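# Remarks on the overall topology
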Amino acid sequence: METKIIGCIDRHQKELIDFAEDIYRHPEEGFCEFRTASKVKNALESLGLKVRFGLARTGVRGVLPKAAGPHLTVIGELDGILCPRHPLADKETGVAHACGHHVQLAVMLGAAMALTDPAVRDSLGGTVSFLAVPAEEYVDAKKRRWLQQEGVGFAGTGKGELIRLGEFADTDIALTTHVHMVPVEQDFYLGNPSCNGFSSELITVEGKAAHAAVAPWEGVNALSIANSAYQMMGLMRETFQEKDHVRLHTLIREGGEALNCVPDRVVVESKVRAGSLDTIYHIREKVTRAFEGAANAFGGKIHRERLQGYLPVRFRPADTALKMAAKYLDGYTYREVAQSDFNNACTDVGDLTHLMPVVNFTYAGFTGVLHGADFAITDWDKAVIAPAKLMALTVYELLKNQGE
């Protein structure tokens, strides 16, 4: 059966690479991946799957049902990342597939092709879903507002919204994958390293307008308050402990309008990353004190709006089924995740890891920096074909012999 799975994906190599290339050349932003979702829907329907469409706006689920047994959900991500300098960035949105989600979708599709083979399908003791999810990448505060007006309850993350909608309620095990996110020389990296979670916040600084030349002393400069808070946050960095993996990011979304007027309103969006919720809360409190202290010093005010973040990813070693599956892929190297490994980035897969087992692996086949303009797939076999085989084989190993 393992040989049949590998052979099926080999026969569809060109189709899978063409699919990934097409998605690559048509990147779309989170919760707006309508073209991409349509391509996924058509591909899953062509395999005879029962497909539901428009979940959390753009999510797609194709189901390979069985009468009994556990329910496994194989996940692919639809969105690109804002990266305007990428050579294939969308000219209007600046979004590009600089994180490899296009190959991730092809991996999911390849697994679906193998697992829908009649002989393979009959050997599975359970149900398999193929779920393409929107909006894994960070959604900024302004976009979140109009998404909420459109009816998206958790507008910060696609998986969070799908959890809210009950789309994972009957999933027993989720299976995820990605191009390598930590330094790994091997072709495959098996298991889930711990990853940062984050808290996000919109901070509005209120000052008082005045003529910047005639009577600046009559005003309260909101930009000066923000700058002062920035200085304090910079000085605080020496208090961040390495073991906590703290990362602090801020962007000034609004910073005044007229050059000859003391700015009376500044809007800052901030993100605090760390490896535990306790640390996230602790650093968030420091950031709040910085802004409140600066506002008090200048005589201004701040208003805080909490935004949805991601939970930290829980460490999970390489599962037995994953290691068994990897042994069928001759000529590829792999290593297992270690307890000491850590990924400083964040992913909404973290939310899932607090609800259910998440079987995960990452893979090679690319050059450049994640989220960078130089990111590119250079080895389609390592980035699509071999990972599709590993995903399909892992599902088979989990569900063979009635899912024992």
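Now for a look at the structure at hand. These numbers were taken from a predicted model, which means no experiment stands behind them. (Residues numbered from 1 in each chain as written. Predicted model: local features only at pLDDT ≥ 70, side-chain atom pairs only at ≥ 80, totals over all residues. Heavy atoms only, no water.)

## Section: unusual backbone geometry
The condition is simple: Only DSSP runs of H or I covering at least 4 residues are called helices, and only runs of E covering at least 2 are called strands; the numbering of each starts at the N terminus.
Of note, the phi angle at A56 is positive, near 50 degrees, even though the residue is not glycine. Tracing the backbone shows A56 in the loop between strand 1 (50-55) and strand 2 (59-64). Of note, R57 is a non-glycine position whose phi angle comes to about 80 degrees, a positive value. With respect to the element layout, R57 can be found in the loop between strand 1 and strand 2.

## Quick word on the nonpolar core
To keep things clear, this is the line we draw: Joining through side-chain atoms within 4.5 Å is the link that ties buried Ala, Val, Leu, Ile, Met, Phe, Trp, Tyr and Cys residues into a set, and such a set is a nonpolar core. Only protein chains enter the accessibility calculation, which uses a 1.4 Å probe; a residue is then buried when its area is under 20% of its type maximum, exposed when over 50%, and partly exposed in between. The contact criterion used is simple: two residues touch if any of their non-hydrogen atoms lie within 4.5 Å.
Formed by 68 residues in total, the largest nonpolar core has its most connected members in V40, L44, L115, V128, F130 and L390. Among the elements that line this core, the one with the most residues is helix 12 (residues 380-403), at 12 residues. Ignoring sequence-local partners within four residues, the contact set of V40 consists of F19, V60, L78, L105, M108 and A132. Counting 24 residues, the second-largest nonpolar core is a separate cluster that includes V220, I280, I283 and A294.

## Describing helix 1 (residues 2-11)
Here helix 1 has its buried residues at E2, I5, I6, G7, C8 and I9. Turning to helix 1, the residues buried within the fold contact helix 2 (13-24), helix 4 (101-115), helix 5 (118-122) and helix 12.

## Describing the environment of L311
Relative to the helices and strands, L311 resides in the loop between strand 12 (301-310) and helix 10 (320-326). By relative accessible area, L311 is classed as partly exposed at 27%. Distance from L311 to T353, taken between C-alpha atoms, is 8.6 Å for residues 42 residues apart in sequence.

## A word on helix 6 (residues 141-149)
What counts, and what does not: An arc is given here, and it is the one of the directions from the helix axis to the C-beta atoms. Pairs of N or O atoms are called polar contacts if they sit within 3.5 Å, as long as, within protein, a hydrogen donor faces a hydrogen acceptor (for residues adjacent in sequence, only side-chain-to-side-chain pairs).
By the burial criterion, the buried members of helix 6 are A141, K143, R144 and L147. All buried residues of helix 6 lie within an arc of 150 degrees about the axis, which places them on one face of the element. Seen from the buried face of helix 6, the exposed residues on the opposite side, beyond 90 degrees, are K142 and Q149. Looking at the packing, one finds that the buried side of helix 6 touches strand 9 (194-206), strand 11 (265-274) and strand 12. One side-chain oxygen of the residue at the start of helix 6 lies 3.1 Å from the amide nitrogen of K142, identifying that residue as D140. G151 sits one or two positions beyond helix 6 and adopts a positive phi of about 100 degrees.

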